[in-house]
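Overview (structure and organization)
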Amino acid sequence: MRAIKSETTPIPQPAPSKFRQLRELLVSAETEFLMEAHNGISAKIAEESGFKGIWASGLSISAALGVRDSNEASWTQVLEVLEFMADATKIPILVDGDTGYGNFNNMRRAVQKLCQRGIGGICIEDKLFPKTNSFIGEGQPLADIDEFCGKIKAGKDSQEDPDFSIVARVEALISGWGMEEALKRAEAYRKAGADGILIHSKRRDAQEILTFLKEWANRSPVVIVPTTYYKTPTQEFRDAKTSVVIWANHNIRASIAAMREVSRRIQREQYLGGVEDEIATVDDIFRLAENDELAQAEKRYLPTTKSGPRAIILAASRGNELGGLTEHHPKCMIDIRGQPLLRRMVSTLNEEKIREIAVVRGYKKETVNLPSIDYVDNDRYMVTGEAATLACAEKFLKGECVLSYGDILFRHYILPLLIESEGDIVLAVDALWRERDPDPHSHVRDLVQGSRAFKTHYLDDGPVTVQRIGRDLDEDNVHGEWIGLAKLSAKGAERVKAELAAMRAEGSLDRADLNMLFSRLVAGSADVRVLYVTGHWLDVDNATDLENAQKFL
Ligand code: SPV
Ligand code: MG
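Numbering of residues starts from 1 in each chain and follows the order in which that chain's sequence is written. Going through the entries in the order they are written, you letter the chains from A and number the ligands from 1. Given that this is a predicted model, residues contribute local features only at a pLDDT of at least 70 and side-chain atom pairs are listed and counted only at 80 or more, while totals for whole chains, interfaces and linings are drawn from all residues. Working from all heavy atoms in the structure, the side-chain values ignore hydrogens and water.

Structural notes on the overall build of the chain
Under the convention used in this document: By the criteria applied, helices consist of DSSP H or I runs no shorter than four residues and strands consist of E runs no shorter than two, each listed in order from the N terminus. Radius of gyration here uses only the C-alpha atoms, and the compact-globule reference equals 2.2 Å multiplied by the residue count raised to the power 0.38. For the exposure calls, accessible area comes from a 1.4 Å probe over protein chains only, and a residue counts as buried if that area is under 20% of its type's maximum, exposed if over 50%, partly exposed in between. Residues count as neighbours in contact if any of their non-hydrogen atoms are within 4.5 Å of one another. Surface accessibility follows the Shrake-Rupley procedure with a 1.4 Å probe radius. Residue values consider only the protein chains on display as shielding. A positive count includes Lys and Arg, and a negative count includes Asp and Glu. His and the chain ends are not counted in either. Lysine's charge is taken at NZ, arginine's at CZ, aspartate's at CG and glutamate's at CD.
Counting its regular elements, the chain contains 19 helices and 21 strands. The C-alpha atoms of the chain give a radius of gyration of 39 Å, which is well past the 24 Å a tight globule of 553 residues would have. Counting only C-alpha atoms and orienting by the principal axes, one finds that the chain spans roughly 115 × 85 × 45 Å. Here the chain holds 553 residues, and the buried ones make up 51% of them. Of the contacts made within the chain by residues no fewer than 6 positions apart, 73% connect residues no fewer than 24 positions apart. Just so you have it, the chain exposes about 28200 Å², and 52% of that area is on carbon and sulfur atoms. One way to put it: in the chain the 71 positive side-chain charges average out to a point 4 Å from where the 84 negative ones average out.

Here we look at the packing of aromatic side chains
Basically, it comes down to this: Side-chain rings of Phe, Tyr and Trp (the six-membered ring for Trp) are treated as a pair once their centres are within 6.5 Å; stacked means planes under 30 degrees apart, edge-to-face means over 60, and tilted covers the remaining angles.
Summed over all chains, the structure comprises 10 aromatic pairs. Between Y405 and W482 the ring centres are 5.2 Å apart and the planes differ by 55°, which places this aromatic pair in the tilted class. Taken together, the positions of Y405 in strand β14 (residues 401-405) and W482 in strand β19 (residues 480-488) put the pair 77 residues apart, joining distant regions of the chain. Judged by its relative accessible area of 11%, Y405 is buried. Overall, W482 belongs to the buried group, its relative accessible area being 2%.

Digging into the site of ligand 1
Definition in use: Here a residue counts as near a molecule or strand whenever at least one of its heavy atoms sits within 4 Å of it. Any pair of N or O atoms that falls within 3.5 Å is considered a polar contact. Within protein, one atom must be able to donate a hydrogen and the other to accept it, and sequence-neighbouring residues count only if both atoms are side-chain atoms. Put simply, Ala, Val, Leu, Ile, Met, Phe, Trp, Tyr, Cys and Pro go in the nonpolar bin, Asp, Glu, Lys and Arg in the charged bin, and everything else, Gly too, in the polar bin.
Taken together, the neighbourhood of ligand 1 is formed by W55, S57, G58, L59, D96, N133, S134, F135, R169, H200 and A248. Interatomic distance of 3.2 Å between a side-chain N/O atom of N133 and an oxygen atom of ligand 1. Within the complex, the protein chains bury 100% of what would otherwise be the 280 Å² of accessible surface of ligand 1. Residues of the shell around ligand 1, tallied by class, amount to four nonpolar, five polar and two charged.

Quick notes on a negative patch on the surface
To keep things clear, this is the line we draw: Within the patch definition used here, like charges are joined within 9 Å and nonpolar side chains (Val, Leu, Ile, Met, Phe, Trp, Tyr) within 5 Å, considering only residues with over 30% relative accessible area and no salt bridge. The salt bridge criterion pairs a side-chain nitrogen of Lys or Arg with a carboxyl oxygen of Asp or Glu, the two atoms within 4 Å.
Residues E261, E276, D277 and E278 make up a contiguous surface patch of negative charge. Among the structural elements, E278 can be located in the loop between α10 (250-269) and α11 (282-288). Accessibility expressed as a relative area gives 61% for E278, which makes it exposed.

Observations regarding the pattern of salt bridges
On inspection of all chains with the given rule, the structure shows 45 salt bridges. A salt bridge links R185 to E181; the shortest N-O distance between them is 2.7 Å. Placement of the pair is R185 and E181 together in helix α7 (residues 179-192), with a separation of four residues, close to one helical turn. We note that R185, like E181, is buried. Among the charged side chains, a network of salt bridges with common partners joins D69, D98, E125, K127, K131, R169 and E171.

Quick word on the environment of D163
Considering the arrangement of structural elements, one finds D163 in the loop between α6 (145-158) and β5 (165-170). Between the alpha carbons of D163 and F19 there is a distance of 5.0 Å; along the sequence they are 144 residues apart. The residues contacting D163, other than those within four sequence positions of it, are F19, R20, R23 and G120.

Brief notes about the environment of A37
Checked against the element boundaries, A37 lands in strand β1 (residues 32-37). Residue A37 is classed as buried on the basis of its relative accessible area of 0%. In the structure, A37 is positioned 18 residues away from W55 in sequence and 6.2 Å away in space, judged by C-alpha atoms.

Section: the nonpolar core
Keep this limit in mind: Within this scheme, the nonpolar core is defined by two criteria: the residues are buried Ala, Val, Leu, Ile, Met, Phe, Trp, Tyr or Cys, and they are joined through side-chain atoms within 4.5 Å.
Judged by nonpolar contacts, the single largest core of 69 residues is most densely connected at L390, L427, L485 and F518. F518 has contacts with L403, I425, L427, I469, W482 and A486, leaving out every residue within four places of it along the chain.

Describing α7
Under the convention used in this document: Here, expected helix span is obtained from the residue count minus one, scaled by 1.5 Å.
Helix length check: α7, at 14 residues, gives a terminal C-alpha distance of 20 Å against a target of 20 Å (1.5 Å per residue), a fit within 8%. Buried within α7 are the following residues: E181, A182, L183, R185, A186, E187, A188, Y189 and A192. On its buried side, α7 packs onto α6, β5, β6 (196-199) and α8 (207-216). Just downstream of α7, G193 is the residue with a positive phi angle, here 120°.

Side note on the sheet that holds strand β3 (residues 93-96)
Quick reminder of the rule: Paired strands are those between which DSSP finds at least two bridges. For every element, the axis is a line fit to its C-alpha atoms; helices are fit only across the contacting stretch, and the angle between N-to-C directions ranges from 0 to 180 degrees.
On the basis of which strands lie adjacent, the closed barrel formed by eight strands has the order β1-β2-β3-β4-β5-β6-β7-β8 and parallel pairing. Across the sheet, the axes of successive neighbouring strands diverge by a mean angle of 25°, strand direction being ignored. In this fold α6 packs onto β4 (121-125) and β5, with an angle of close to 165° to the strand it touches most, β5.

Quick look at the packing of helix α4 (residues 75-88) against helix α5 (residues 104-116)
Going by this rule: Should an angle fall under 35 degrees it is called roughly parallel, over 145 degrees roughly antiparallel, and 65 to 115 degrees roughly perpendicular, with every other angle called oblique. Should the near helix be turned anticlockwise from the far one by less than a right angle, the crossing is left-handed, and should it be turned clockwise, the crossing is right-handed.
Where α4 meets α5, the closest approach of the two axes is 11 Å, and the angle between their N-to-C directions is 15°. For the element pair α4 / α5, the angle class is roughly parallel. Handedness of the crossing formed by α4 with α5: right-handed. Contacts from W75, L79 and L82 in α4 reach R109, A110, K113 and L114 in α5. Taken together, the residues that form the contact of α4 with α5 break down as five nonpolar, no polar and two charged.

Encoded structure:
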């Protein structure tokens with residue numbers, strides 16, 4: 001018989017709880033390390049550096065809050081900080097719970113709250129509330145052993161997760177009570193239910209710590225804090241079967257040194273250039289804060305506000321017929337009732353959610369300088385035509401686009417009609433073109449012959465395609481005048497780009513106007529359509545137009 005290979009895929013196991021993770025560090029056969037952190041960002045940095053657990057140091061949290069390590073910050077204020085630290089990280093936190101914030105009753109409540117906030121465990125020290133940091137003064141009074149054991153028991157009885165850990169910190173060595181007292185207390189605390197013993201020392205060498213570890217003989221996990229005996233090689237702690245080593249205050253001390261240096265330097269130099277390369281970048285902050293995750297979530301949860309198409313405005317020509325009015329700037333910058341023509345165009349586009357606007361400049365380009373617009377320049381505007389000007393904006397010809405001359409004004413409603421109209425290339429064509437100006441020769445007109453004429457009938461709005469476009473069409477066949485405004489779908493934009501490229505390759509680009517471009521597209525069977533409009537626009541070619549424009553507004 002052949003052996004049948006099991007095809008069951010392993011079910012992914014959830015990560016162990018933070019309580020479990022901390023307990024595993026305590027009982028692991030290896031010597032493990034906890035890194036000090038005192039707020040969300042330092043906790044993240046400790047985690048990012050590879051630590052498997054965090055020491056939420058009372059000294060450091062107090063210092064970061066600008067107070068002394070003397071229970072000046074209330075325990076709920078510490079809890080708030082811990083919540084930020086726990087939320088910011090996936091590794092467990094052992095919190096420095098000082099003396100348990102009061103008697104057994106305060107300890108019970110603290111343990112419950114820590115469990116509720118996912119803090120892996122608490123370390124309490126056998127001193128009196130309000131505590132004093134162990135490195136201050138000599139012979140600090142110690143708690144009564146039985147009272148302290150009651151506190152440990154109360155904590156163990158209140159924990160809401162079986163893996164929550166209580167570490168009992170023995171201060172007998174620091175307070176000068178000696179090794180025997182230290183061992184006696186450690187044993188009493190172990191029997192009271194402590195999951196580990198923190199034996200603290202303020203000697204410059206590890207002698208008493210190593211002696212304690214030897215005498216203790218692995219009865220339960222031992223935690224040490226080599227702040228003062230920092231020169232001891234870590235291997236000695238390993239050899240002595242230390243369970244956990246706490247690097248207790250090095251992030252706060254590092255940040256104090258760094259902040260002091262940078263503050264003094266900026267104050268001295270009144271200048272940022274000197275420190276820029278010495279400090280974390282703003283992008284680093286964004287990365288630590290996981291801003292990418294927020295961007296992803298926004299995509300999932302925020303309603304999508306579809307941005308409008310982009311717009312390309314052709315504004316390279318001077319507008320010779322306007323004479324002196326365009327001596328200092330092109331006609332797109334001519335003032336129409338207090339605002340340049342181009343600004344009016346931009347606000348109309350903005351109202352239709354068109355925010356990406358590119359303007360092709362030419363004549364007196366430096367005077368075309370409205371904010372929040374992309375500019376490209378046709379520096380050969382004197383010897384080229386509209387198609388070449390459009391080709392300068394080639395990089396903006398992508399996705400849905402609105403194409404406009406820079407010298408036209410039109411009623412706002414025309415734009416949404418055009419944007420919503422179907423078709424890859426759609427020209428807004430004025431069906432009432434004959435009424436626009438009694439003198440047919442007063443303007444150069446882009447005349448259009450559609451597949452059918454404009455009809456006023458409500459139901460008669462089927463697609464109309466451009467048959468011919470040009471300035472010299474036989475008037476009998478003309479159905480309207482292109483107003484200088486067009487819409488391109490993404491496909492239409494690609495088609496236009498390809499046609500411009502073909503014209504460039506043939507050498508016909510420089511001389512071509514847009515009529516020529518559209519005619520070629522029609523001839524090449526592109527989907528060029530007509531959207532009939534009925535008046536409500538003008539272009540500013542001459543002094544009469546300008547007068548009309550003032551009235552139009
Ligand atoms: C802390 O980090 O707050 C400690 C360790 O309790 S020590 O400062 O050494 O007492
Ligand atoms: Mg402390």
